[in-house]
Amino acid sequence: MQLWLAFTSPFARKVRIAAHELGLAGEIELVETDPWTDPRLRAVNPLAKVPTLILEDGEVLYESSAICDHLDERAGGGRLFPRSGRERRRALRLQGLSDGAATAAGRLFAAERRAALQVDPMIPRFERAIAASLDALEAEPLSREAFTIAEVGVACLLGYLDFRWPERAWRAGRPALADWWTAMAERPSLVETAHRLPTVDPRP
Ligand SMILES: N[C@@H](CCC(=O)N[C@@H](CS)C(=O)NCC(=O)O)C(=O)O
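Source: prediction; values computed, not measured. Along each chain, the written sequence defines residue order, and numbers are assigned to residues from 1. pLDDT decides what is reported in this predicted model: residues at 70 or higher carry local features, side-chain atom pairs at 80 or more are listed and counted, and totals for whole chains, interfaces and linings draw on all residues regardless. The side-chain values count all of the structure's non-hydrogen atoms but skip hydrogen atoms and water molecules.

1. What to know about the domain arrangement of the protein chain
Domain start and stop points were drawn from an automatic or database domain assignment. Per the domain assignment, the segments making up the protein chain are domain 1 (2-79) and domain 2 (85-187). Taken together, the 12 residues of domain 1 in the interface contact 15 residues of domain 2. Only one rule defines a salt bridge in this text: a Lys or Arg side-chain nitrogen within 4 Å of an Asp or Glu carboxyl oxygen. One can count 2 salt bridges joining domain 1 with domain 2. We note a salt bridge from Arg187 to Glu21, for which the minimum N-O separation is 2.8 Å. Any two residues whose heavy atoms approach within 4.5 Å are treated as being in contact.

Written as structure tokens, this is what we have:
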């Protein structure tokens with residue numbers, strides 16, 4: 001399998017963490033790309049977004065949730081995505097919450113980069129979405145042993161916040177979430193997939 005990714009993308013990291021957790025990382029070739037400029041990416045994914053996964057027979061998958069679901073199925077199923085009931089609903093809900101907050105964080109980062117030119121009225125909305133999501137996650141018991149897609153998603157959100165805003169005080173007033181994140185520091189799937197800046201040409 002080929003995973004087209006940017007090493008700055010929380011959604012691409014989510015797929016890589018899922019692959020590590022499932023023991024599938026060795027089957028995935030990483031192809032670094034810039035989704036904003038690489039015409040090869042749009043040729044396989046009309047949205048030209050990362051992550052994009054190309055299977056051995058050429059079938060293409062995109063959307064991190066769909067890719068993680070496929071990896072889970074490939075590993076036997078029911079591990080990252082519990083099969084039914086409350087556990088499944090919880091995992092999907094927290095995946096959705098974390099993905100939504102990571103989307104807001106990505107847009108916030110892009111808006112802040114532009115802010116020297118023009119003030120973006122969406123910035124307070126992105127900030128509120130991130131803060132409210134973190135408050136909601138503070139009240140959620142997160143597993144320190146068996147990861148589901150919920151824990152994978154939360155890890156991607158927190159990892160992205162620390163990557164883009166190392167000084168951001170998101171831990172203040174959220175001791176349970178901060179403790180969980182500290183306890184995750186040595187987890188191999190997180191260590192192996194840490195964010196880094198791109199090595200492909202930056203967008204023009
Ligand atoms: N909902 C998508 C989000 C993917 C996404 O937004 N990826 C960003 C990088 S973090 C991207 O490729 N942006 C390029 C664009 O929006 O055109 C997923 O979960 O895979």
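Further notes follow.
2. Things to note about the nonpolar core
In this structure, Leu71 and Trp180 are the most contacted members of the largest nonpolar core, which totals 53 residues. When contributions to this core are tallied by element, the ones reaching two or more residues are strand 1 (2-5), helix 1 (10-22), helix 3 (64-74), helix 4 (85-114), helix 5 (123-138), helix 6 (149-164) and helix 7 (175-183). Secondary structure counts use DSSP, requiring at least four H or I residues in a row for a helix and at least two E residues in a row for a strand, with both numbered from the N terminus. In terms of residues, this core owes the most to one element, helix 6, which gives 10 residues. Taken domain by domain, the makeup of this core includes at least three residues from each of domain 1 (2-79) and domain 2 (85-187). Aside from chain neighbours lying at most four places away, what touches Leu71 is Met1, Val15, Ala19, Leu22, Leu24, Ile28 and Leu53. Residues belong to a common nonpolar core when they are buried Ala, Val, Leu, Ile, Met, Phe, Trp, Tyr or Cys residues joined through side-chain atoms within 4.5 Å. Note on classification: 1.4 Å probe, protein chains only; a residue is buried when its accessible area is under 20% of the maximum for its type, exposed when over 50%, partly exposed between these limits. Grouped together as the second largest cluster of nonpolar side chains are 7 residues, Ala6, Leu41, Ala48 and Val50 included.

3. Remarks on the packing of aromatic side chains
In this analysis, rings of Phe, Tyr and Trp, with Trp reduced to its six-membered ring, are considered paired at centre separations within 6.5 Å, and the interplanar angle assigns stacked below 30 degrees, edge-to-face beyond 60, and tilted for intermediate values. The final tally for this structure, using the stated rule, is 4 aromatic pairs. Taken together, a centroid distance of 6.1 Å and an interplanar angle of 80° make the contact between Phe109 and Trp165 edge-to-face. Linking Phe109 in helix 4 with Trp165 in the loop between helix 6 and helix 7, this pair joins segments that are 56 residues apart in sequence. For Phe109, a relative accessible area of 17% puts it in the buried group. Between Tyr160 and Trp165, the aromatic rings sit 6.4 Å apart at their centres with planes inclined by 90°, giving edge-to-face as the arrangement.

4. Focus on the packing of helix 4 against helix 6
Angles run from 0 to 180 degrees between N-to-C directions of axes, and those axes are lines fitted to C-alpha atoms, restricted for helices to the stretch in contact. Axis separation between helix 4 and helix 6 bottoms out at 7 Å; the angle between their running directions is 15°. When the axes of helix 4 and helix 6 are compared, the pair comes out roughly parallel. At the point where helix 4 passes helix 6, the crossing takes the left-handed sense. Only Ile149, Ala150, Glu151, Gly153, Val154, Leu157, Tyr160, Leu161 and Arg164 of helix 6 make contact with helix 4, whose side of the interface consists of Arg90, Ala91, Leu94, Gln95, Ser98, Ala101, Ala102, Ala105, Gly106 and Phe109. Each residue gets one of three labels, nonpolar for Ala, Val, Leu, Ile, Met, Phe, Trp, Tyr, Cys and Pro, charged for Asp, Glu, Lys and Arg, and polar for the others, Gly among them. For the contact of helix 4 with helix 6, a count of residues per class yields 12 nonpolar, 4 polar and 3 charged. For classification purposes, an angle smaller than 35 degrees is called roughly parallel, one larger than 145 roughly antiparallel, one from 65 to 115 roughly perpendicular, and anything else oblique. Throughout, a crossing is termed right-handed when the near helix is turned clockwise from the far one, and left-handed when it is turned anticlockwise from it by less than a right angle.

5. Some words on the pattern of salt bridges
Under the definition given, this model contains 10 salt bridges. The residue Arg74 makes a salt bridge to Glu27 at a minimum N-O spacing of 3.6 Å. Taken as a pair, Arg74 in helix 3 and Glu27 in the loop between helix 1 and strand 2 (29-32) lie far apart in primary sequence, 47 residues in all. The closest approach of N and O atoms between Arg90 and Glu151, which form a salt bridge, is 2.9 Å. You can see Arg90 sitting in helix 4 and its partner Glu151 sitting in helix 6, a full 61 residues away along the chain.

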